[in-house]
Amino acid sequence: MAIKPLADHILLKLEKPEEKTASGILLPGTAQEETSTGRVVAVGPGTDKEKISVKAGDMVMFYKDTGVKVKSNGEEFLILRNGALMAVLD
């Protein structure tokens, strides 16, 4: 099933949480923090009041506990509003 965002919504592919620390210690599932970054898959056309500030392929940071998680073809995505984005990561 293809997901096409509407209005000022953005579809993100979530990044997987880190499975180990920088020093190489493996983290159990309960200790892994949920990520607040994702790759933009698709964007809506925007609205007269809200212009879309990112494009497909951008890596972005967003506010935690925002948006709606959806699954499609066995993958997990997040749909959120453009205003929930904090930054584009280089």
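Draft legend 1. Local environment of the pattern of salt bridges. On inspection of all chains with the given rule, the structure shows three salt bridges. When the shortest N-O distance is used, the salt bridge between E75 and K13 registers 3.8 Å. Within this pair, whereas E75 is found in strand β5 (residues 75–81), its partner K13 is found in strand β1 (residues 9–14), the two being separated by 62 residues in sequence. With its nearest N and O atoms 3.1 Å apart, the salt bridge here joins D58 to K55. Classification of D58 by relative accessible area gives buried; the value is 13%.

Draft legend 2. Quick peek at the pairing of β1. Here β1 runs beside β5; their pairing, made up of five bridges, is antiparallel. Residue pairing for β5: L12 is matched across the bridge by L78.

Draft legend 3. Representation of the pairing of β5 within the structure. Note that strand β4 (residues 68–72) and β5 share five bridges and pair antiparallel. Directly across from K69, in β5, lies its bridge partner L78. Where β4 folds back on β5, the antiparallel hairpin that results is connected by two residues, among which N73 adopts a positive phi of roughly 55°.

Draft legend 4. Main features of the side chain of N82. Structurally, the position occupied by N82 is in the loop between β5 and β6 (85–89). By relative accessible area, N82 is classed as buried at 7%. Separated by 2.8 Å, the side chains of N82 and E50 make a polar contact. In terms of polar contacts, N82 uses its side chain to reach the backbone carbonyl oxygen of K51, at 3.1 Å. For N82, the contacting residues outside a window of four places in its chain are D8, I10, E50, K51, I52 and S53.

Reading the values: the criteria
- Residues numbered from 1 in each chain as written.
- Predicted model: local features only at pLDDT ≥ 70, side-chain atom pairs only at ≥ 80, totals over all residues.
- Heavy atoms only, no water.
- Salt bridge = Lys/Arg side-chain N within 4 Å of Asp/Glu carboxyl O.
- Helix = DSSP H or I, 4+ residues; strand = E, 2+ residues; numbered from the N terminus.
- Buried < 20%, exposed > 50% of the residue type's maximum accessible area, 1.4 Å probe, protein only.
- Pairing = 2+ DSSP bridges.
- Polar contact = N/O pair within 3.5 Å; in protein donor to acceptor, adjacent residues only side chain to side chain.
- Contact = heavy atoms within 4.5 Å.

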